[in-house]
Amino acid sequence: MNLVFFDIECASVHKTIAKICAFGYVVCDEQFNIIKKEDILINPKGGFHLTDRRGEKGLELPYDYAEFKKHPPFPAVYSFIKELLEDKNNLVFGHAILNDVKYLDLETRRFHLPSFNFRFLDSQIMYMTHVNDFSRQFGLEYITENLNVVFTPHRAADDAYATMKIVEELCRIRGVGPLDLAADLGIKLGKIRDHNIVKPTSSAFEKHVKDREAAREMRSRNRTKFYIYLSRRKRKKGGRLYGEVFTFSRNLEDDVDQSIPLVGAIYEEGGVYSQKLNDCTIYVCDDDDGTVRTKNARQLGDMRIITPAELKEMFN
């Protein structure tokens, strides 16, 4: 079986259209010996409107844009790409491949072509599962930085080559071949058929998503519990904290086993609690808290910032 790594660049991408301008691929054997590496340029039949991941302009492709107009449009290369990706003797990989599969599907819709039908693996999901870190999206440049892989970012064939080197390195580290790597990582292949796309995933990633949702639900319940308790507190005249207005970090609010007793003690001593930073005189957070509310509190600079431990000392 051969391994096929591919990457796509687009002249522009919108919700219902993706104008592909380059299809790069690398074909190699199971020992990662390269059989063929090629960059296929495609006339996107439209202008270039390039943005970065945040939707801002600034992304530049390492091509002469005028060169694309000399090449045929997508329908002329569709059959070749389809045969390459659907060959049962090829195992298909990409990095953040779900986007590229969607681009292919959008082009078939734009030119009224039959849907692609193949299964695929994602080196990004593989790497995230390997390092057990699903907190961010790891790009090619980040992963290959320590692998001494030299390539030109956003040149499709080079991106495909970098994807191959990532998979090769994962195989080396885990001591398995490319055909066993997915099983070793608990990876589930993605697939496209009849314009229906199923994204690739892993057992570890699915557990991460489940745990994240459970944590989100717990935070929501705790936040509701905290503010219900807060709504029932009444200001007291006098006390050591009379005149002081407290605000907690989000993390502290959500820790109801700690935040509710602290708020109760604040009101018992004559203080009050407010969600508004501008009303706050004492802000309470852990030293390493990096939430947005805490960052805003530090920038304001016109309030006292203490830790929960320091707050407890005030009650003694």
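Residues numbered from 1 in each chain as written. Predicted model: local features only at pLDDT ≥ 70, side-chain atom pairs only at ≥ 80, totals over all residues. Heavy atoms only, no water.

**Side note on the confidence of the model for the protein**
Consideration 1: Summary statistics for the protein give a mean pLDDT of 92 and a share of 97% for residues scoring 70 or more.
Consideration 2: Highest mean pLDDT in the protein belongs to helix 2 (residues 74–86) (98); lowest belongs to helix 1 (residues 65–68) (86). (pLDDT = per-residue confidence, 0-100. Helix = DSSP H or I, 4+ residues; strand = E, 2+ residues; numbered from the N terminus.)

**So, the sheet that holds strand 10 (residues 245–248)**
Consideration 1: The strand order across the open sheet formed by four strands is 11-10-12-13, and the pairing between neighbours is parallel. Among the strands making up the open sheet, the edge pair consists of strand 11 (272–273) and strand 13 (304–306).
Consideration 2: Sheet strands in contact with helix 10 (residues 256–268) are strand 10 and strand 11, and its direction is about 175 degrees off that of strand 10. (Pairing = 2+ DSSP bridges. Contact = heavy atoms within 4.5 Å. Axes fitted to C-alpha atoms, helices over the stretch in contact; angles between N-to-C directions.)

**Let's talk about the side chain of T307**
Consideration 1: Secondary-structure assignment places T307 in the loop between strand 13 and helix 12 (308–314).
Consideration 2: When sequence neighbours within four positions are dropped, the list of residues in contact with T307 reads V284, C285 and D287.

**Here's the deal with the packing of aromatic side chains**
Consideration 1: A full pass over the atoms with the stated rule returns 20 aromatic pairs.
Consideration 2: Both rings, one in Y65 and one in F68, keep their centres 6.4 Å apart while their planes meet at 50 degrees; by these two values the pair is tilted. Of the two residues, Y65 and F68 are both situated in helix 1; the distance of three residues between them amounts to about one turn of the helix.
Consideration 3: Each member of the aromatic cluster is reached from another via a ring pair, and the members are F74, Y78, F111, F116, F118 and F120.
Consideration 4: Here the guanidinium or amino end of K82 rests over the ring plane of F116, the centre of that ring lying 5.5 Å away. (Phe/Tyr/Trp six-rings, centres within 6.5 Å; stacked < 30°, edge-to-face > 60°. Lys NZ or Arg CZ within 6 Å of the ring centre and 35° of its normal.)

**Focus on the environment of I305**
Consideration 1: Tracing the sequence through the fold places I305 in strand 13.
Consideration 2: Judged by its relative accessible area of 31%, I305 is partly exposed.
Consideration 3: Here the alpha-carbon distance between I305 and N132, two residues 173 residues apart in the chain, equals 35 Å.
Consideration 4: What I305 contacts, discounting residues up to four positions off in sequence, is Y283, C285, A297 and R298. (Buried < 20%, exposed > 50% of the residue type's maximum accessible area, 1.4 Å probe, protein only.)

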